[in-house]
Every structure is written in structure tokens, then in C-alpha cells.
Amino acid sequence: SGSASLAVSVHLSPSLLEQAALEDTVFIFARAANGPRMPLAIARRTVADLPLDLELNDAMAMMPAMRLSAFPNVIVGARISKTGNAMPSAGDLFGEMGPLSRDNTERVSITIDRVVR
């Protein structure tokens, strides 16, 4: 299985700009398309960092057995958390794409364009 990484670009939709504060937390993640919902790789930034380009990789796993390279297909997403909490809550803003092959070599572009209800 080796190691895996995905290049990701994250943007905030202009229609949601007024709903996000510069200090709000942004979680960028990859999770298994078929499997546990726990992120396989996760990064934490702020709205002030958007738009941003980064790489999600095996070193960003929350648990060693739950790495990007362990699952063939992933969902890549980004969520702006009003609370700073990793668990989604109503009013958070998000966008996601997938399922994608974890071996994808093209940059994945995520637009945060939806509201958690």
C-alpha cells in the first residue's frame, strides 16, 4: 500500500462569504468512501487562510491503521466550523467531492458552498 497523498484546493463560495468569520476553523479532510466516517487525513486552518492549496497524506492520519493509503476510494471535503469542533453542527459551511481514487494525481478542488442543516 505504501503512502498516499492528495493535492487539494479549497475555496469559499462568494454566496457564503458573509456567513464566515476570518477566525472560524476550517477542517480539510479525506475519509473512506466505503467505511468508517473518521477522517483518514485531516488538516486544520482558518477562514483567513482561504483560498488555500495543501496536501492531505498518510502523516495526517488520526490513527495509524486508518490512513489514506489503506482505502482505495475517498471523499474529500472541507468544513467551516463555527464552534471549532471537529463534529459537524447546524450552521457549519461545507463542500465535498468524491468518491475519488486515493491514487488520484490531479488537484482536487473543493468549494465550500453548502450549509449544514
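This section reports on the structure supplied with the text. (Residues numbered from 1 in each chain as written. Predicted model: local features only at pLDDT ≥ 70, side-chain atom pairs only at ≥ 80, totals over all residues. Heavy atoms only, no water.)

Structurally, Asp24 can be placed in the loop between β1 (5-12) and β2 (25-32). Taking the relative accessible area as the measure of exposure, Asp24 reaches 8% and is therefore buried. Not counting residues up to four positions away in its chain, the partners in contact with Asp24 are Gln19, Arg45, Thr46, Val47, Ile80, Ser81 and Lys82. (Helix = DSSP H or I, 4+ residues; strand = E, 2+ residues; numbered from the N terminus. Buried < 20%, exposed > 50% of the residue type's maximum accessible area, 1.4 Å probe, protein only. Contact = heavy atoms within 4.5 Å.)

Residue Pro51 is bonded to the preceding Leu50 through a cis peptide linkage, with omega at -5 degrees. In this fold, Pro51 is placed in the loop between β3 (39-46) and β4 (52-57). A cis amide bond, omega 5 degrees, links Gly98 with the succeeding residue Pro99. The topology assignment puts Pro99 in strand β6 (residues 93-101).

Leu50, Leu56, Val76, Ile80 and Ile112 are the most contacted members of the largest nonpolar core, which totals 32 residues. Mapped onto this core, the elements with two or more residues apiece are β1, β2, β3, β4, β5 (73-81), β6 and β7 (108-112). In contact with Val76, other than residues within four places in its own chain, are Leu6, Val8, Phe29, Ala30, Leu56, Gly95, Glu96, Met97, Leu100, Val108 and Ile110. (Core = buried A, V, L, I, M, F, W, Y, C linked by side-chain atoms within 4.5 Å.)

In this section: the pattern of salt bridges. The tally for this structure, following the rule as stated, stands at 7 salt bridges. Of the charged contacts, one joins Asp53 and Arg107 as a salt bridge, the two residues approaching to 3.9 Å between their closest N and O atoms. Residue Asp53 is found in strand β4, and its partner Arg107 is found in the loop between β6 and β7; the two are separated by 54 residues along the sequence. You can call Arg107 partly exposed: its relative accessible area is 46%. (Salt bridge = Lys/Arg side-chain N within 4 Å of Asp/Glu carboxyl O.)

The 5 strands are arranged β3-β2-β5-β6-β8 in an open sheet whose pairing can be described as antiparallel. A single partner strand is all that each edge strand has here, and the edge strands are β3 and β8 (114-115). Strand direction decides the pairing type here: β6 and β8, joined by 2 bridges, are antiparallel. By the bridge assignment for β8, Leu93 is matched with Val115. (Pairing = 2+ DSSP bridges.)

Bringing the sheet that holds β4 into the picture now. Within the open sheet, the 3 strands sit side by side as β4-β1-β7. Their pairing is mixed. Each edge of the open sheet is held by one strand with a lone partner, namely β4 and β7. Each adjacent strand pair in this sheet contributes to an overall mean axis angle of 30 degrees, direction not counted. Of the strand pairs in this sheet, β1 and β4 are connected by 6 bridges, and their pairing is antiparallel. Bridged to Ser5 within β4 is Asn57. (Axes fitted to C-alpha atoms, helices over the stretch in contact; angles between N-to-C directions.)

Attention now goes to the pairing of β7. Here β7 shows a clear split, with Val108, Ile110 and Ile112 buried on one side and none of Ser109 and Thr111 buried on the other. With 5 bridges joining them, β1 and β7 adopt parallel strand pairing. Within β7, the position partnered with Val8 by the bridge is Val108.

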